[in-house]
Amino acid sequence: MFAASHKVPHLAVEDLFRAPVRTAASISPDGTRITYLAPWRGRMNVWVESVDAPEEARCVTAGDNRGVRAYHWTDDPRWLLYEQEGDDDGNRHVFRVDLENPDGAAVDLTPFPGAGATGFETTPSRPGKALLHLNHRERTEFDLYELDIAAGELTMLAQNPGRAGGWLYTPGGDLYAHGLTDDGDIELSRWDAERDTWDPVVTFDGSDYPLGIRPFQVTPDGTGVWIGSHRGSDRTRLVRLDLATGEESEVDDHPVLDLDPRHTAFPSLPSPLILDRRTGELAGVRYLGERQVIRALDPHFAAVLENLEKLSDGDLAVVSGDEDGQRWVVSFTHDRDPGVTFFYDHSTGESRLLFRPYPHLDPGALAPKTPLTVYSRDGLALPSYLTLPLGADPAGLPLVLLVHPGPWHRDTWGFAPFEQLLANRGYAVLQVNFRGSSGFGKAFTEAGTGALAGKMHDDLVDAVDWVVERGYADRERVAILGGSYGGYAILAGVTFTPDVFAAAIDFCGIPNLATYLRTVPESAVDRIRTPLMVMQGTNDARVAKTESDQIVEALRARGVEVEVEYMVNDDESRRFGNPENTIEFPTSPCQEEGERQ
């Protein structure tokens, strides 16, 4: 653990929110090169270096307006693919880079204006190929394509019949689609080409899976799918779904914890499944409680994991191994040493620190994030986190209640720059996994049904009371802040319990703010008297700017009796990515967890 600095330094906003010097490292399939994201002309781009000659690193992408969000090694280490948002519409395109031709330009493999690519996937069973979903035929429907990586050619495998939310393509060429039925359930169907029909395999109760079913990973032999299921159990465990019969058989189950749910809410985060790079077989499974737990299912990976977990006292985040399972590049989630990244060679036992993404931040000057459990007025245990400022008496502090998005998401342990900024300025920060949050069992999630402005909000107020009653916080100095669903919670808080909060900040609102305002009494806006800040990206495709406009206009129409500040950024969408905007809008609670690690 890190010792606190004797005198806590003042941390500049620019230092906390600047882009990492390096992040998101991965090792090539042959174990000879390491890639990572690092700034080039002020935007995150992909760099590559030799394992044995890191001083020869070079930038291989050239995004100077929008940074690179994600990249992928292919089975042929000549080709590197990366994803980047368009300058105007925020849709992701897939580009190819030839690492053997340093002077060659990147090739846009999905050059369709106004359309985006999602669900990118490579599998060991189809070398030289990748699967992806495209909506250039019909903007509201994603069709399934196979990409020939070397040739840059796309072949449509299936046209969306209008109800497919996702696709499965087995090594044997069988095609499956999953989507919602008219009743809101999730149905998995198999395509019968000879009869031109979709034949149902299994149906899941849609109310049990509000964000869909993830992971949804085809097994290497193509006869089954690994999924997270709580059928017959309160906990989400890993099962194998037989594609012929629809029957589930248990693969792994933690006695207390749920399968790590973060990939369900944010698919860009690491999957709870850790797969062998060469075979695609299961190597390990992630579970999540206060901290992460990884269970190894393969003896070789178990030996590797034992040594990897000695490299840091954080939680293992991105895990990248070569095809032989000997050379590894791994990063860690940590509350005060975010994204620290190591190289490990299992054949020799050698390990070395590759980089710290934020070397200018002294871990000893950052505040620990402490897990704790608070209780609601009806006795429900609410897993929470409290960050207290260093160098200050933890009594009577001003408190910021930070509400997570979702609501089918959860707060987790780790580093967040805004929490550290608040703690460095003397604030306590409280994060509550209120009922309806995911990852604490099916019953806990279902307890939030129909309780958006009721018991879910009571949980937030009860958590504030818990902290105040134990002397940590000053009841007269409590602020509430959140984004997306958290923005809804902020508006509910200042509307229904205005006496609890001295200030409020709503970031990227809620998708149906107009509907929300129509469902409460007409005088609801008149009840808001808490100073409020609203922040919005103009190009947000999920939360339209007009919805934030509405609440601001309604409040300003009342005159000066309530203070409302409105901040809008015209060159951002839902998740602010450009460093200068992140510094201007330092809260960024809508960012996907882990983007800064």
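Residues numbered from 1 in each chain as written. Predicted model: local features only at pLDDT ≥ 70, side-chain atom pairs only at ≥ 80, totals over all residues. Heavy atoms only, no water.

A closer look at the overall build of the protein
Piece 1. When its secondary structure is counted, the protein shows 11 helices and 36 strands.
Piece 2. Every one of the 597 residues in the protein was classed for burial, and the buried ones make up 54%.
Piece 3. Restricting to contacts in the protein with at least 6 residues of sequence separation, those with at least 24 account for 51%.
Piece 4. Of the accessible surface of the protein, which amounts to about 24,700 Å², a share of 48% is contributed by carbon and sulfur atoms. (Helix = DSSP H or I, 4+ residues; strand = E, 2+ residues; numbered from the N terminus. Buried < 20%, exposed > 50% of the residue type's maximum accessible area, 1.4 Å probe, protein only. Contact = heavy atoms within 4.5 Å. Areas by Shrake-Rupley, 256 points an atom, 1.4 Å probe, with all protein chains shown as cover.)

A look at the packing of aromatic side chains
Piece 1. All told, the structure shown has 11 aromatic pairs when counted by the stated rule.
Piece 2. On the basis of an interplanar angle of 55 degrees and a centroid distance of 6.2 Å, the ring pair of Tyr 36 and Phe 355 is categorised as tilted. Here Tyr 36 is found in strand 2 (residues 33-40), whereas its partner Phe 355 is found in strand 28 (residues 350-355), with 319 residues between them in sequence. Both residues of the pair, Tyr 36 and Phe 355, count as buried.
Piece 3. By the ring-pair criterion, three or more aromatic residues cluster together here, those being Trp 167, Trp 191 and Trp 198.
Piece 4. Note that Arg 96 overlies the ring of Trp 79, its terminal NZ or CZ placed 4.6 Å from the centroid.
Piece 5. Sitting over the ring of Trp 413, Arg 291 keeps its end group 3.6 Å from the ring centre. (Phe/Tyr/Trp six-rings, centres within 6.5 Å; stacked < 30°, edge-to-face > 60°. Lys NZ or Arg CZ within 6 Å of the ring centre and 35° of its normal.)

Side note on helix 4 (residues 417-424)
Piece 1. Most of helix 4 sits out of view: eight of its eight residues are buried.
Piece 2. Among the residues of helix 4, those classed as buried are Pro 417, Phe 418, Glu 419, Gln 420, Leu 421, Leu 422, Ala 423 and Asn 424.
Piece 3. Just downstream of helix 4 lies Gly 426, where phi reads positive at about 100 degrees.

So, the environment of Ala 150
Piece 1. Along the chain, Ala 150 falls in the loop between strand 11 (141-148) and strand 12 (153-158).
Piece 2. Every residue in contact with Ala 150, bar those within four places of it in the chain, is listed here: Trp 79 and Arg 96.

Quick word on the confidence of the model for the protein
Piece 1. For the protein, the mean per-residue pLDDT works out to 88, and 86% of the residues sit at or above 70.
Piece 2. With pLDDT under 50 throughout, residues 519-523 is counted as low confidence; its partners more than four residues away or in other chains account for one contact.
Piece 3. Counting interchain partners and residues more than four positions distant, the pLDDT-below-50 stretch residues 587-597 has 47 contacts. (pLDDT = per-residue confidence, 0-100.)

Brief notes about empty space enclosed by the protein
Leftover empty space is mapped by rolling, across the atoms, a probe with the size of a water molecule.
Piece 1. A complete count under the given rule lists five cavities of 30 Å³ or more for this structure.
Piece 2. The calculated volume of the second largest cavity comes to roughly 60 Å³.
Piece 3. As for the second largest cavity, its lining consists of Arg 336, Asp 337, Pro 338, Arg 356, Pro 357, Tyr 358, Leu 361, Pro 363 and Leu 366. (1 Å grid on protein atoms, 1.4 Å probe; cavity = no way out; pocket = protein on both sides within 12 Å on 5 of 7 lines; lining within 4 Å. Points joined across faces, edges and corners; volume = space filled by probe spheres on them.)

Some points on the nonpolar core
Piece 1. Counting residues in each nonpolar core, the largest one holds 39 residues, and the members touching the most others are Leu 399, Leu 401, Val 403, Leu 430, Val 432, Leu 460 and Ile 480.
Piece 2. Filtering out sequence-adjacent residues up to four positions away, Val 432 remains in contact with Leu 382, Pro 383, Ser 384, Leu 401, Leu 402, His 404, Asp 411, Asp 459, Leu 460 and Ala 463.
Piece 3. Counting residues in each nonpolar core, the second largest holds 16 residues, with Ile 213, Phe 216, Val 225 and Ile 227 among its members. (Core = buried A, V, L, I, M, F, W, Y, C linked by side-chain atoms within 4.5 Å.)

Structural notes on the pattern of salt bridges
Piece 1. What the rule picks out here adds up to 35 salt bridges.
Piece 2. Measuring nitrogen to oxygen at the nearest pair gives 2.6 Å for the salt bridge that ties Arg 126 to Glu 146. Placement of the pair is Arg 126 in the loop between strand 9 (117-121) and strand 10 (129-138) and Glu 146 in strand 11, with a sequence separation of 20 residues.
Piece 3. Judged by relative accessible area, which is 21%, Arg 126 ranks as partly exposed.
Piece 4. Assessed through its relative accessible area of 10%, Glu 146 is described here as buried.
Piece 5. One salt bridge connects Asp 474 with Arg 477, and the closest N-O pair in it is separated by 3.0 Å.
Piece 6. Overall, Asp 474 belongs to the partly exposed group, its relative accessible area being 24%. (Salt bridge = Lys/Arg side-chain N within 4 Å of Asp/Glu carboxyl O.)

A closer look at the sheet that holds strand 14 (residues 175-180)
Piece 1. Strands sit in the order 13-14-15-16 across an open sheet of four strands; the sheet is antiparallel. In this open sheet, the two strands that pair with only one neighbour each are strand 13 (166-169) and strand 16 (197-204). Strand-to-strand twist across the sheet, computed as the mean angle between neighbouring axes with direction ignored, equals 25 degrees.
Piece 2. In this sheet, strand 15 (residues 186-192) lies alongside strand 14 in antiparallel orientation, the contact comprising five bridges. If you follow Tyr 176 over to strand 15, its bridge partner there is Arg 190. (Pairing = 2+ DSSP bridges. Axes fitted to C-alpha atoms, helices over the stretch in contact; angles between N-to-C directions.)

Regarding unusual backbone geometry
Piece 1. A cis amide bond links Arg 214 with the next residue in sequence, Pro 215, at an omega value of 0 degrees.
Piece 2. Residue Gly 406 is joined to Pro 407 through a cis peptide bond whose omega torsion reads 10 degrees.
Piece 3. By the element assignment, Pro 407 lies in the loop between strand 31 (397-403) and helix 4.
Piece 4. Of note in this structure, Arg 41 is not a glycine but carries a positive phi near 55 degrees.
Piece 5. Examined against the element boundaries, Arg 41 turns out to sit in the loop between strand 2 and strand 3 (43-50).
Piece 6. The class of Arg 41 is exposed, set by a relative accessible area of 61%.
Piece 7. Backbone geometry at Asp 196 places phi at a positive 55 degrees, although glycine is not the residue there.
Piece 8. Along the polypeptide, Asp 196 turns up in the loop between strand 15 and strand 16.

Notes on the side chain of Thr 495
Piece 1. Here Thr 495 is to be found in helix 7 (residues 485-496).
Piece 2. One polar contact links the side chain of Thr 495 to the main-chain carbonyl oxygen of Leu 491, over a distance of 2.6 Å. (Polar contact = N/O pair within 3.5 Å; in protein donor to acceptor, adjacent residues only side chain to side chain.)

Here we look at the packing of helix 6 (residues 455-469) against helix 7
Piece 1. Closest axis-to-axis distance for the helix 6/helix 7 pair is 11 Å, and the angle between their directions is 75 degrees. On the basis of the axis angle, helix 6 is roughly perpendicular to helix 7. Mapping the contact onto sequence places Met 456, His 457 and Leu 460 in helix 6 and Tyr 485, Ala 489, Ala 492 and Gly 493 in helix 7.
Piece 2. Among the residues making up the contact of helix 6 with helix 7, the classes are represented as five nonpolar, two polar and no charged. (Parallel < 35°, antiparallel > 145°, perpendicular 65-115°, else oblique. Nonpolar A, V, L, I, M, F, W, Y, C, P; charged D, E, K, R; others polar.)

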